[in-house]
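Fold and geometry: a report
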Amino acid sequence: MRSLPRPVPVAGLTRRAFAATALGGAASLVAPALLAQSNRIVLGQSAAFSGPAAQLGIQFNAGAQLYFDQLNQQGGVNGQRVEIVKLDDGYEPDRCAENTRQLLARGCTALFGYIGTPTSLAALPLATKADTPFIAPFTGAMGLRQPFNRLAFHLRASYNDETELIVRQLTGLGLNHVAVFHQNDSYGKAGLDGVTLALQQRQLKPKATATVERNSVDVAQAVATIVAAKPQAVVQISAYASCAAFVREARKAGFGGTFFNVSFVGTQALADALGKDGAGVAISQVVPNPFSTARPITREFLDAIARGGNKVQPNYSSLEGFLAARLLAEGARRAGGRVGSGTLVSGLEAIGDTSFGGFSISLSPDNHVASRFSELSMLTGDGRVRT
């Protein structure tokens with residue numbers, strides 16, 4: 001039997017070229033018959049591997065691949081190797097939907113590690129129609145969690161959890177005049193809704209709101225609108241490139257308040273983009289500090305990098321990918337025997353309450369959100385992060 005080729009990005013191929021490649025010896029994807037015959041658990045991932053959000057997809061995938069590579073070296077799960085087939089969607093929903101159709105048509109066991117709210121919202125209905133699990137998307141949007149979907153499993157806490165933490169911190173410091181800078185799409189709306197809800201619970205409302213288009217850094221109008229409102233703090237709901245642009249331009253315009261971001265911003269990418277201008281910028285996190293060895297899971301992660309993942313950058317996004325891979329593998333183990341889409345759902349639901357090295361996990365037939373963990377971290381201005 002021919003072995004499954006190593007997954008590689010194939011973004012930009014035409015359908016005809018893609019099909020020809022998929023049937024060739026160097027394919028990233030393989031025909032359904034080959035998938036069915038191969039002794040593998042094949043995961044399909046559509047994510048941003050290019051464009052202004054690329055570091056989110058690159059780092060999440062690197063962390064997941066780190067875990068799966070070492071798992072496969074030990075024989076995989078129940079004798080099955082786990083492999084990721086990845087396609088680049090550039091953080092654009094239409095491209096993501098087309099990638100998803102291709103992945104589903106080729107019989108992937110599950111869809112895994114999709115990056116972003118608008119892209120995940122485009123993909124989940126396709127996964128549901130195909131009766132294929134949709135596991136660990138890199139988004140906290142409530143629209144992917146409600147109503148309950150038996151095929152959707154979330155590793156991370158929701159944006160409502162993150163924005164409640166942020167607003168609680170701000171108001172606890174007496175900062176009640178809060179503005180929201182957000183992406184003009186479903187992700188930005190999800191974050192804005194979370195901030196608004198948290199403020200309403202304290203009889204407050206946003207001081208001002210302003211938007212930026214997805215994959216754009218044109219923030220001039222947003223800066224003018226928010227700075228004119230004179231807020232004490234700005235909550236940012238966008239990707240790292242636009243958030244970094246907003247911070248710089250707002251400070252140039254005289255804004256002296258604080259900036260808070262939700263985890264999707266990409267902490268290390270934001271730190272790299274801001275450099276010394278990042279000092280004091282806060283981010284809510286949904287996984288533990290990847291640089292701290294206080295928890296066994298972070299020691300395991302850093303040890304895995306030291307043993308063979310030298311190309312993996314330790315950061316929040318890559319640790320989330322590592323944890324997502326471990327969650328999927330645990331579900332596959334509990335599925336028992338040969339893992340398929342249906343048995344993987346049952347296996348994940350059988351995890352119950354457990355801990356991945358100090359990171360609490362809980363899944364059941366009635367609960368598909370594995371973690372409610374959230375904490376705040378802050379950039380130091382020299383590329384580092386402290387909690």
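Please refer to the structure placed before this passage.
Residues numbered from 1 in each chain as written. Predicted model: local features only at pLDDT ≥ 70, side-chain atom pairs only at ≥ 80, totals over all residues. Heavy atoms only, no water.

As a further point, take the pattern of salt bridges. The full count for this structure, using the stated rule, is 20 salt bridges. Here R168 makes a salt bridge to E164, at a shortest N to O gap of 3.3 Å. Of this pair, R168 and E164 both sit in helix 6 (residues 159–172), separated by four residues, roughly a single helical turn. Connected through shared salt-bridge partners, R40, R81 and E83 make up one network. (Salt bridge = Lys/Arg side-chain N within 4 Å of Asp/Glu carboxyl O. Helix = DSSP H or I, 4+ residues; strand = E, 2+ residues; numbered from the N terminus.)

Now for the nonpolar core. In this structure, F68, F112, F246 and L270 are the most contacted members of the largest nonpolar core, which totals 123 residues. No other element matches helix 12 (residues 316–335), which puts 10 residues into this core. Looking at which domains feed residues into this core, each of domain 1 (40–157 + 291–371) and domain 2 (159–285) gives three or more. Once residues lying within four places of it in the same chain are set aside, the contact partners of L270 are Y240, C243, A244, N261, V265, V281, I283 and L379. (Core = buried A, V, L, I, M, F, W, Y, C linked by side-chain atoms within 4.5 Å. Buried < 20%, exposed > 50% of the residue type's maximum accessible area, 1.4 Å probe, protein only. Domains from an automatic or database assignment. Contact = heavy atoms within 4.5 Å.)

Our focus in this paragraph is the packing of helix 9 (residues 240–252) against helix 10 (residues 267–274). In the contact formed by helix 9 and helix 10, the axes pass within 9 Å of each other and the chain directions differ by 40°. Put simply, helix 9 runs oblique to helix 10. Handedness of the crossing formed by helix 9 with helix 10: right-handed. Residue-level contacts link Y240, C243, A244, V247 and R248 of helix 9 to A269, L270, A273 and L274 of helix 10. For the contact of helix 9 with helix 10, the per-class residue count stands at eight nonpolar, no polar and one charged. (Axes fitted to C-alpha atoms, helices over the stretch in contact; angles between N-to-C directions. Parallel < 35°, antiparallel > 145°, perpendicular 65-115°, else oblique. Left-handed = near helix turned anticlockwise from the far one by under 90°. Nonpolar A, V, L, I, M, F, W, Y, C, P; charged D, E, K, R; others polar.)

This part covers the sheet that holds strand 5 (residues 152–153). Hydrogen bonding along the main chain pairs the strands of a sheet, whether they run parallel or antiparallel. Taken together, five strands build an open sheet; the order of strands is 2-1-3-4-5 and the sheet is parallel. Each of the sheet's edge strands pairs with one partner strand only, and the pair in question is strand 2 (81–88) and strand 5. Where strand 1 (residues 40–47) and strand 3 (residues 110–112) come together, two bridges link them in parallel fashion. Along strand 3, the bridge assignment pairs G44 with L111. (Pairing = 2+ DSSP bridges.)

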